[in-house]
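What the coordinates show
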Amino acid sequence: MNLPKVGIPLFSEKGLIFSDELNHASIVDGCRLSKTEVIVYKHNDVEDLERKLKKHKNQKKLIITDSVFSMDGDIAPLPQIVKLAREYDAMTMIDEAHATGVLGERGGGATEYFHLEGQIDVVIEPLVKL
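A brief look at the structure comes next.

Rules used in this analysis
Residues numbered from 1 in each chain as written. Predicted model: local features only at pLDDT ≥ 70, side-chain atom pairs only at ≥ 80, totals over all residues. Heavy atoms only, no water. Helix = DSSP H or I, 4+ residues; strand = E, 2+ residues; numbered from the N terminus. Buried < 20%, exposed > 50% of the residue type's maximum accessible area, 1.4 Å probe, protein only. Contact = heavy atoms within 4.5 Å. Areas by Shrake-Rupley, 256 points an atom, 1.4 Å probe, with all protein chains shown as cover. Pairing = 2+ DSSP bridges. Axes fitted to C-alpha atoms, helices over the stretch in contact; angles between N-to-C directions. Core = buried A, V, L, I, M, F, W, Y, C linked by side-chain atoms within 4.5 Å. Parallel < 35°, antiparallel > 145°, perpendicular 65-115°, else oblique. Left-handed = near helix turned anticlockwise from the far one by under 90°. Nonpolar A, V, L, I, M, F, W, Y, C, P; charged D, E, K, R; others polar. Arc of directions from axis to C-beta.

Considerations on the overall build of the chain
Across its full length, the chain holds 4 helices and 5 strands. Across the chain, helices and strands are ordered from the amino to the carboxyl terminus as β-α-β-α-β-α-β-α-β. Per-residue burial over the chain gives 42% buried out of 130 residues. Considering only contacts within the chain whose residues lie at least 6 apart along the sequence, 62% involve residues at least 24 apart. Here the chain displays about 7900 Å² of accessible surface, and carbon together with sulfur accounts for 54% of that area.

Written out as structure tokens, the structure reads:
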């Protein structure tokens, strides 16, 4: 059986996904399933991310990262990532699965902790009742 190509329309042909090297396996799987080219940047290294974004100025770009990394418990440098996304015309996608209920004044995750509400294009949050 020949299955159709699955892809995010914005990114399937000439777009790129920039993914932190320590992103959760679910993010890695989602990137693979999108059939979009994935460029991995060094963990929490905004300089490496910027170098890679510069190489692909004229393409559609999505930066995806965990907000809190499940294995190490460290926090992504979201303010710097959002700044780079603006500078290089990239979209941002943040997985708040390990930060919701833990970070932020009301438990809203790293997005709330860094006061970035409304500045991230896609925020993935678990369905929880607090």
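Read on for the rest.
Topic: the sheet that holds strand E3 (residues 61–66)
Paired through backbone hydrogen bonds, the strands of a sheet run either parallel or antiparallel to each other. Read across the sheet, 5 strands follow the order E2-E1-E3-E4-E5 without closing on themselves; strand pairing throughout is parallel. Single-partner strands in this sheet number two, and they are strand E2 (37–41) and strand E5 (122–124). Across the sheet, the axes of successive neighbouring strands diverge by a mean angle of 20 degrees, strand direction being ignored. Strand direction decides the pairing type here: strand E1 (residues 16–20) and E2, joined by 5 bridges, are parallel. What sits directly across from Ile17, in E2, is Val38. Here helix H2 (residues 46–54) sits on the sheet and contacts E1, E2 and E3; the angle it forms with E2, its principal contact strand, is near 145 degrees.

Quick look at the nonpolar core
Residues Phe18, Tyr41, Leu49, Leu53, Ile63, Leu78 and Ile81 are the most contacted members of the largest nonpolar core, which totals 23 residues. Going through the elements one at a time, E1, E2, H2 and helix H3 (78–87) are the ones with two or more residues in this core. Among the elements that make up this core, the one with the highest residue count is H3 (5 residues). Apart from residues no more than four positions distant in its own chain, Leu49 is found in contact with Phe18, Tyr41, Ile63, Ile81 and Leu84. Listed in part, the 6 residues of the second largest apolar core include Ile17, Cys31, Leu62 and Ile64.

Observations concerning the packing of H2 against H3
Between H2 and H3, the least distance of the axes is 11 Å, while the angle of their chain directions is 15 degrees. Relative to H3, the element H2 lies roughly parallel. As H2 runs across H3, the sense of the crossing is right-handed. Residues Val46, Leu49, Glu50 and Leu53 of H2 lie in contact with H3, whose contacting residues are Gln80, Ile81, Leu84 and Glu87. Split into classes, the residues belonging to the contact of H2 with H3 amount to 5 nonpolar, 1 polar and 2 charged.

As for H3
Looking at H3, one finds that the buried residues are Leu78, Ile81, Val82, Leu84 and Ala85. Along H3, the residues classed as buried sweep out an arc of 160 degrees about the axis, all on the same side. Across H3 from its buried face, at more than 90 degrees, point the exposed residues Lys83 and Arg86. Where H3 is buried, its residues meet E2, H2, E3, strand E4 (91–95) and helix H4 (110–113). Positive phi appears at Asp89, one or two residues downstream of H3, with a value of about 55 degrees.

Honestly, it's all geometry; don't read function into it.
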